[in-house]
Amino acid sequence: MKYKLLIILVVMVSCGKQSSQENTDSTDISTEEEVVSYPTLLQNALKSHGGLQQWQAFNSLQYDVKTTLGSEKTETQLIDLKSRKVLITGSNYTLGMDGSNVWVSPDKATFGDMPPRFYHNLIFYFFAVPFVLSDPGIQYEDLGERSVAGQNYRALKISFKEGVGDADDDLYIAHFNPDTYQLELLLYTVTYFSGEKHENYNALRYTDWQKVNGLLVPAVMEGYKFQSDSIGELRYRAEFSNVVFSEEVPDQALFDMPENAEIDSLKTP
């Protein structure tokens, strides 16, 4: 009886190991809060860009950006990476997100025609892919190998659970180099203004990179029109410099709305 029992135990342990080894579709990442399962493709991309643990070690990010998005401008953007509060300083305006309100000082007119609430985290989000793709409330679909404009990629489609962010109907398709898993192309939709889900994508090409504090982040990215799987004319460009990651938590008073600021409320359809 003891011999038979030993055989049963060995078989059970062996089956358990085999089952674990065969489950390669996703990998668990342990954080202080929870254990989250990410697709293997995203895991490979995060590793290629320096690793999720390295990203999570920092509490703030600051960079200078020269961009033609909306209008030509040069800004300094400070982001609290945990709360996602934002402070953007331009030549004649300051734009902030204090945790609930997006505000502009002295008023929205100084910022220009683009809605400040739409803009406040847009450049940061594009800058921080693939790391922000590990945020809570994201749904994944591995599209396998995909060709765009004659170039082959490994593609991951991103959607959002209801109530996540200001535009939870937005879609992203991140295209990674099939050999290095480095991000090269991002297709994205904009539903902020219409509130309607669609698959009319814009294209964002990452054309130059820089390594900062062990993380591979963009130096240059370019936005293009996109139609019928073809990349069209250039729409905007962004160049990043003086990138600084810090373990220090930013002074929260920096994000507070000044008395003379104007709030830009969330647009609802």
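Check the entry above for the structure.
Scoring rules and cut-offs
Residues numbered from 1 in each chain as written. Predicted model: local features only at pLDDT ≥ 70, side-chain atom pairs only at ≥ 80, totals over all residues. Heavy atoms only, no water. Buried < 20%, exposed > 50% of the residue type's maximum accessible area, 1.4 Å probe, protein only. Helix = DSSP H or I, 4+ residues; strand = E, 2+ residues; numbered from the N terminus. Pairing = 2+ DSSP bridges. Contact = heavy atoms within 4.5 Å. Phe/Tyr/Trp six-rings, centres within 6.5 Å; stacked < 30°, edge-to-face > 60°. Lys NZ or Arg CZ within 6 Å of the ring centre and 35° of its normal.

**Quick look at the pairing of strand E4 (residues 73-80)**
Along any regular strand the residues' side chains alternate between the sheet's two faces.
Thought 1: Of all the 8 residues making up E4, 6 are buried; the element is thus mostly covered by neighbouring parts of the structure.
Thought 2: In this structure, strand E3 (residues 60-67) lies alongside E4, joined through 8 bridges in antiparallel fashion. Residue pairing in the sheet places Gln-62 in a bridge with Leu-78 of E4.
Thought 3: With antiparallel pairing between neighbouring strands as the criterion, E3 and E4 make up a hairpin whose turn holds 5 residues, including Gly-70 at a positive phi of roughly 85°.
Thought 4: Taken together, the 4 bridges between E4 and strand E5 (residues 86-89) define a ladder with antiparallel strand orientation. Bridge pairing in E5 links Leu-78 to Leu-87.
Thought 5: Taking the residues between adjacent antiparallel strands as the criterion, E4 and E5 are bridged by 5 residues, where Arg-84 takes a positive phi near 65°.

**Here's the deal with the environment of Gln-182**
Thought 1: Among the structural elements, Gln-182 can be located in the loop between strand E10 (172-176) and strand E11 (183-188).
Thought 2: Classification of Gln-182 by relative accessible area gives partly exposed; the value is 23%.
Thought 3: If we skip the residues at most four places from it in the chain, Gln-182 touches Ser-48, His-49, His-175, Phe-176, Asn-177, Trp-209 and Leu-216.

**What about the packing of aromatic side chains?**
Thought 1: Counted by the stated rule, this structure contains 13 aromatic pairs.
Thought 2: Taken together, a centroid distance of 6.3 Å and an interplanar angle of 85° make the contact between Tyr-38 and Tyr-140 edge-to-face. Of this pair, Tyr-38 sits in strand E2 (residues 35-39) while Tyr-140 sits in strand E8 (residues 138-148), and the two are 102 residues apart along the sequence.
Thought 3: Residues Phe-111 and Tyr-119 carry aromatic rings whose centres are separated by 5.1 Å and whose planes lie at 50° to one another, so their mutual orientation is tilted.
Thought 4: Given the relative accessible area of 6%, Phe-111 is considered buried.
Thought 5: Ring-pair connections join several aromatic residues into one group, and the members of that group are Trp-55, Phe-58, Phe-131 and Phe-245.
Thought 6: The ring of Tyr-224 carries Arg-205 above its face, with NZ or CZ at 5.8 Å from the centroid.

**A short note on the environment of Ala-128**
Thought 1: Positionally, Ala-128 belongs in helix H6 (residues 122-128).
Thought 2: Between the C-alpha atoms of Ala-128 and Val-217, which are 89 residues apart in sequence, the distance is 7.2 Å.

Bear in mind that shape data such as this cannot, by itself, settle questions of function.
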